[in-house]
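In case you want the letters, here they are:
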Amino acid sequence: MAERDRLRDYRGKRDFDRTGEPRGSGGSAGDRPRFVVQIHDASTMHFDFRLQVDDVLKSWSIPKGPSADPKDKRLAVPTEDHPLEYEEFEGVIPRGEYGGGTVIVWDHGTYEPLSHDRKGRPVDFAESLERGHATFRLSGAKLRGEYALTRFRGDGSGAGEEAWLLVRRAGGRARAHGAPDPRRARSAVSGRTLAQVASDAAGE
């Protein structure tokens, strides 16, 4: 599917004359796929987890944020694909706009796809997501280690509400931070808190 079509939902929900979010112009994919975790203080506080798949960021809303504890199964609700440039977005989405509220980049980095079939053969990452189970290794400033996304409700067709679980896989060495108090968390890009980003935006 063309990049323009994949971002149709994203662009259709936003007025780019009002929001500072990137419209998306087909940013460079780079050598290794990227990931970003953003804290979003919208109508409800949540974390947005995004994985680069081809030329877009596949996105999930995670109310409690990623966890380093393999016993924690974090609900992950899929949202629309975002442009690659969204990895760097930090700021305030105006009130009344879709997703209105403050956004900071909590963590970002690269990831390594690890999905295999039952015979141990590598599976294309986009295909593994379509099938409803994908594994990967995160290499970020805060999140490091192997994780899995598993669909447990819906079939990916859009016919019904879809939901996934994000789980840290047990074993191996992983330096990771659990999801912090969102209001005290600092950006991995600017070092600012949500309140500081909002205050800076108000002063502009």
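Residues numbered from 1 in each chain as written. Predicted model: local features only at pLDDT ≥ 70, side-chain atom pairs only at ≥ 80, totals over all residues. Heavy atoms only, no water.

### A short note on the nonpolar core
Soluble globular proteins tend to bury their nonpolar side chains together.
Reasoning step 1: The biggest cluster of nonpolar side chains holds 27 residues, and the ones touching the most others in it are F49, L51, F136, L138 and L149.
Reasoning step 2: Considering each element in turn, this core owes the most residues, four residues, to strand 2 (residues 45-53).
Reasoning step 3: Sequence-distant contacts of L138, that is, excluding residues within four places in its chain, are made with F35, F49, L51, T110, Y111, L143, R144, G145 and Y147.
Reasoning step 4: If you look at the next biggest cluster of nonpolar residues, it comprises 11 residues, including L7, V56, L57 and V103. (Core = buried A, V, L, I, M, F, W, Y, C linked by side-chain atoms within 4.5 Å. Buried < 20%, exposed > 50% of the residue type's maximum accessible area, 1.4 Å probe, protein only. Helix = DSSP H or I, 4+ residues; strand = E, 2+ residues; numbered from the N terminus. Contact = heavy atoms within 4.5 Å.)

### Regarding unusual backbone geometry
Reasoning step 1: One non-glycine residue with positive phi stands out, namely D54, at about 60 degrees.
Reasoning step 2: Tracing the backbone shows D54 in the loop between strand 2 and strand 3 (56-62).

### Structural notes on the pairing of strand 3
Reasoning step 1: Within strand 3, six of the seven residues are buried, which leaves it mostly tucked inside the rest of the structure.
Reasoning step 2: Summarising the sheet, strand 2 and strand 3 pair through seven bridges and their orientation is antiparallel. By the bridge assignment, D48 is partnered in strand 3 with S61.
Reasoning step 3: Between the antiparallel neighbours strand 2 and strand 3 lie two residues, among them D54 with a positive phi of about 60 degrees.
Reasoning step 4: As paired elements, strand 3 and strand 4 (residues 74-83) share five bridges and run antiparallel to each other. (Pairing = 2+ DSSP bridges.)

### Some remarks on the layout of surface pockets
Reasoning step 1: Counted as a void, the second largest pocket has a volume near 220 Å³.
Reasoning step 2: Lining the second largest pocket are 17 residues; nearest its centre among them are H40, H46, D48, Y98 and G99.
Reasoning step 3: In terms of residue class, the lining of the second largest pocket is built from four nonpolar, eight polar and five charged. (1 Å grid on protein atoms, 1.4 Å probe; cavity = no way out; pocket = protein on both sides within 12 Å on 5 of 7 lines; lining within 4 Å. Points joined across faces, edges and corners; volume = space filled by probe spheres on them. Nonpolar A, V, L, I, M, F, W, Y, C, P; charged D, E, K, R; others polar.)

### A few points about the environment of S43
Reasoning step 1: Note on placement: S43 falls in the loop between strand 1 (34-41) and strand 2.
Reasoning step 2: The exposure class assigned to S43 is exposed, which follows from its relative accessible area of 76%.
Reasoning step 3: Along the chain, S43 and G99 lie 56 residues apart, while their C-alpha atoms are 7.6 Å from each other.

### Overview of the pattern of salt bridges
Reasoning step 1: Within this structure, the stated rule accounts for 20 salt bridges.
Reasoning step 2: For R18, the salt bridge is made with E97, and the minimal N-O distance between the two is 2.9 Å. Of the two residues, R18 sits in the loop between helix 2 (8-12) and strand 1 while E97 sits in the loop between strand 5 (91-93) and strand 6 (101-113), which places them 79 residues apart along the sequence.
Reasoning step 3: We classify R18 as partly exposed; its relative accessible area is 44%.
Reasoning step 4: Take E97: its relative accessible area is 15%, and that puts it in the buried class.
Reasoning step 5: A network of salt bridges, in which partner residues are shared, links R6, D54, D55, K58 and D81. (Salt bridge = Lys/Arg side-chain N within 4 Å of Asp/Glu carboxyl O.)

### Focus on the side chain of H82
Reasoning step 1: With respect to the element layout, H82 can be found in strand 4.
Reasoning step 2: Side chain to side chain, H82 and S59 meet in a polar contact 3.4 Å long.
Reasoning step 3: Among the polar contacts made by the side chain of H82, one reaches the main-chain carbonyl oxygen of E80 at a distance of 2.8 Å.
Reasoning step 4: The contact partners of H82, leaving out residues within four places of it in the chain, are L7, Y10, R14, R50, V56, L57 and S59. (Polar contact = N/O pair within 3.5 Å; in protein donor to acceptor, adjacent residues only side chain to side chain.)

### A short note on the pairing of strand 6
Reasoning step 1: Of all the 13 residues making up strand 6, 10 are buried; the element is thus mostly covered by neighbouring parts of the structure.
Reasoning step 2: The pairing of strand 1 with strand 6 spans eight bridges and is classified as antiparallel. Across the sheet, V36 pairs through a bridge with H108, a residue of strand 6.
Reasoning step 3: Relative to strand 6, strand 5 runs antiparallel, the two being bridged by three bridges. The partner of V92 across the bridge, within strand 6, is T102.
Reasoning step 4: Of the strand pairs in this sheet, strand 6 and strand 7 (residues 133-140) are connected by five bridges, and their pairing is antiparallel. Among the inter-strand pairings, T110 is bridged to a residue of strand 7, identified as S139.

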